[in-house]
Each structure stands twice: as C-alpha cells, then as structure tokens.
Amino acid sequence: MAEDRTQQAPRPSLSRQLLPAVHGLLARPLSSYYLLLASSGLLLLIGLTMVFSATSVKAFAENGNAFSAIANQAVFALLGLFAFWVCQRLPAGTLRDLGTFVLGAAIVLLCILDLLGALNSVGVLGKPQIGPVRADLLWLYFGPIGLQPAEFAKLGMVLWGADVIARKGPALGHWRELSRPLFPVVGLLFVLVGYNDLGSMLVLLALIVGLLWAAGVRLRVFAALGVLGLAGISLLIAAASGGAGSGREGEANYRLARLTDFLKPLDQCDLDACYQIIQARSAIFEGGWFGVGLGKSALKWNWLPQADNDFIYAVVAEELGVVGCAVVLALFSVLAYTGFRIARRSQDPFRRLAAAAITTWLVAQAVINIGGVTGMLPITGLPLPFISAGGSALVVTMAAVGMLASFARAEPQASLALNARPPARWVRLVWAPLPPLPPSRRPKPTPAKAKAGAEGRR
C-alpha cells in the first residue's frame, strides 16, 4: 500500500519546478551583471535589425544603397560599445568627479542651441547658424558633427545629482538642502531642455524623481515637484505659440494640439494632425499576433513618418506582431528589474542613487515612446532606447549601461566572488578591472576593549 501511495503521489507542477531553479540563478553573485548584459545586448541587436528593416527601402531609393543608414547606425553602436567599455572601467570616484564637467558642458551646449533657435525665431538670424555652428531643433551641429545636448544633460544630471545627494546624506530631509544647489540647477535644465524638447524634459523629471525616491526624500517633496512640473509644462506649451522650439508665432500650437488630439477619438481627429498615430495603429493592426514577417512591412514605404526613429515600435508590431512586441517589453522589464536590483544591493550611496536614476530614465523613456506609438499617451518625439535610429541617444545610453555594469560588479557578493577567483590578467586589462572589496562589517574595537583583549591574551 505504501508503494502504491508513493506511485500515486502527484508530481509537482512546472512552476514549482522552475521557481527553485530561477531563485538559484538569481542568487548567484554575478546574476545582476549577466542579466544586464543579456537584456541590453539583445535590445541592441533587435534595434540594429529593426533599423535596417525600417531604413533599407528609403535608403535604396535615395542613395542606391540599402545599407547606408544601417552602416551609420552600426558606427554609432560601435561608439556606444566603446563608451560602455570605458564607463565600466571607471571607478565611482572618477564618475563623481566627471558629473560636474558633463553637466556643465551639456548646459553650455543647450544654451547655444536655444540661443540660435531664439535669434532665428525673432528674425535676428535668417537661419539658426553662426559660422560652422548650426541648430536644427533638437540637434546642434559643429560642421559635419551633430549631437543632441539633451542626451548629455540626462547623463550629467545622473552623475552630478547622485553626487550632490550622496554628499548631503541625512541633511537632505530639510528643504533648504534641496533648494541649494539641486533645485535651481534642475529648474534651469527644465527651461533649457523644455524650450525645444518637452519629451526629454519629462524624462528629466522622471530621472529626478528616481534620484529623490532612492534617497528617501519625503512624499511632500514629490507632490511639490509634480505641481512645479505641471506648471512648467503649461508654460512651455504656451511658449510654443510665441515661437519656442519648433513653434511659430501666429500658427497653431503644436504642443497643445498633441494633447488635445490624443484625447479625441480617431474618427473625430483631423487627418493631418492624427496621421502619424493612424498609420501606427494600422501597422499594429496589420501585424496581428505573429507579424507579416521581418522586412515585409508595407507602411515603412514612406507611409509612416519617422519609421526608423520615434515610431520604430510600430514597425516592430507590423513585422513581428504581438509576440515581437512582447519580447521587447519583456527585455525592458528585465532591464528595469536588474537596474533596481543593482540599486538595492549597492552599499555605496552614490552607486545606489545613480543606478536608480539611470534605470528610471531608460524605463520612463521607453514607456513614453511606446505609449505614444500605441495611442495610450500623447506623442512626444522621444526615441525608443536601444531600438530607434540615432547617434547621441545610443552612445549615451550605452555609456549609462556601462555604469550600471560597473555598479553590478561592485555588489558585495559579486566583488567578493571576483576577488576570490580573479580572472586572468589579460582579461582584466581588456574587459574590466577588479571591483573594490566591500568594507568589513565588523565594528572596530574601542581602545579600552583592545587593551582588555591584549591583557587577556597575555
């Protein structure tokens, strides 16, 4: 009878079999590091594939070479990998010192960009250009070299903000500690970035919220930030009627139109104003569950504006279907989990704050982009991290991921494991040096206890 009962005992379900295995994998010292490499690497690979698919037709029609656009994106991907490698090797102290310089350079570039645009809008300049320096809405060109200052402002705010908050420590609970120098610099960035790019300003706001949340700031500070953020957005929307950013005086306010059109049903929306979201919805509908096939999108044939950049997620939906979209969402979810896991496990306050800010930045930007493409949020013109075409955004994103990788290797258990069995010297020279050992948790003995212990040993 006992043997029969043993044979008839129900087998554990698949979930009960998998959960211990998953917990065992996550408990390994370098789990955060490998999860970060896997999720970001797969997102970068998907991005390169989708950029080639979205640009090949247009590139062949314009240049006679279907690989011209993806070649540029591949160059930026290599630059991004180099930025990842450099940032993974830099110690936390060096990153803290670099924060002021990166943020200062970003503010200077933003001032030049906004000044050229403002002088052009009031008629002082016939075009937004002085010598070799030229502004093109969100881009600033120095001769043939173009970059987006807002992307460097995000990175600079992560490093500088994490350093400032880490230095203040428990004193951060007082309003006057937040008011100098954090809030004035944040307000200046909101104005400089929001003048041209309301979407990047929202990402900056999310980044600041992530920093303060990781620092344990009181909830009423977030309420005040929310009120100030809404007021700033309202002022920037109103400023578009006066020519701010891509707005033109006397013309329809494009920022207000995006909000109002988002609230309207598609059948009641003006065709010109809602053309982009209508075409994105059509791409999602055509894709169905499994998509029409990689490279077989019809709407990328100049029917969907910004198919390789802001609306590349619609091309993913059309060619790879719901399954492909779910894979992208799953990878971003893994990236979010890993980033916050690194922040929670970091003992150094700077690393914890910077990891939380970087993760909030990337996740918020992905949510805003995907929400705009699917019609769940207003369109803001933000690229999808890792996936969209673009140079500055990809390089800066990979640099931020390199910092996360450095922080993951510095987790206490990961650091102990790496120092216990260090890799070969050439591996450390090529890839990354050993992280510092975590500080000992054993309290230092007082002089009286040390003397008593010495007498006892005698």
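Computed from a predicted model, the values in this text were never measured in an experiment. (Residues numbered from 1 in each chain as written. Predicted model: local features only at pLDDT ≥ 70, side-chain atom pairs only at ≥ 80, totals over all residues. Heavy atoms only, no water.)

A few words now on the environment of Leu192. Here Leu192 lies in helix α8 (residues 182-194). Here the alpha-carbon distance between Leu192 and Val108, two residues 84 residues apart in the chain, equals 9.9 Å. (Helix = DSSP H or I, 4+ residues; strand = E, 2+ residues; numbered from the N terminus.)

With 30 residues, helix α5 (residues 92-121) extends 43 Å from end C-alpha to end C-alpha; this agrees with the ideal 44 Å at 1.5 Å per step. Its maximal kink placed at Leu98, α5 deviates by approximately 30°. Of the residues making up α5, those classed as buried are Ala92, Leu95, Arg96, Gly99, Leu103, Ala106, Ile107, Leu109, Leu110, Leu113, Asp114 and Leu116. (Expected span 1.5 Å × (residues − 1). Bend = angle between axes of the 7 residues up to and from the residue. Buried < 20%, exposed > 50% of the residue type's maximum accessible area, 1.4 Å probe, protein only.)

Per the UniProt annotation, the sites labelled "transmembrane region" (unreviewed entry) are residues 33-54, 66-86, 98-125, 182-214, 221-240, 311-340, 352-374 and 386-408. Secondary structure within residues 311-340 divides into 97% helix and 0% strand; the distance between the first and last C-alpha atoms comes to 27 Å. End C-alpha to end C-alpha, residues 352-374 measures 33 Å, and it is 100% helix and 0% strand. (UniProt positions renumbered as here; feature names shortened; annotations may be inferred.)

Our next topic: the packing of aromatic side chains. The way to describe two aromatic rings as a pair is by their centre distance and the angle between their planes. This structure, assessed with the given rule, holds seven aromatic pairs. Judged by centre distance (6.3 Å) and plane angle (25°), the ring pair of Trp139 and Tyr141 falls under stacked. The partly exposed category is assigned to Trp139, whose relative accessible area is 25%. Ring centres of Trp213 and Phe340 lie 5.9 Å apart, and the angle between their planes is 85°; on these two criteria the pair is classed as edge-to-face. In this pair, Trp213 is assigned in helix α9 (residues 198-215) and Phe340 in helix α13 (residues 312-345), connecting sequence segments 127 residues apart. On the accessibility criterion, Trp213 (54% relative accessible area) is exposed. Geometry around Tyr141 places Arg134 over its ring, the cationic atom sitting 4.3 Å from the centre. Positioned above the aromatic ring of Tyr33, the side-chain terminus of Arg409 is 5.7 Å from the ring centre. (Phe/Tyr/Trp six-rings, centres within 6.5 Å; stacked < 30°, edge-to-face > 60°. Lys NZ or Arg CZ within 6 Å of the ring centre and 35° of its normal.)

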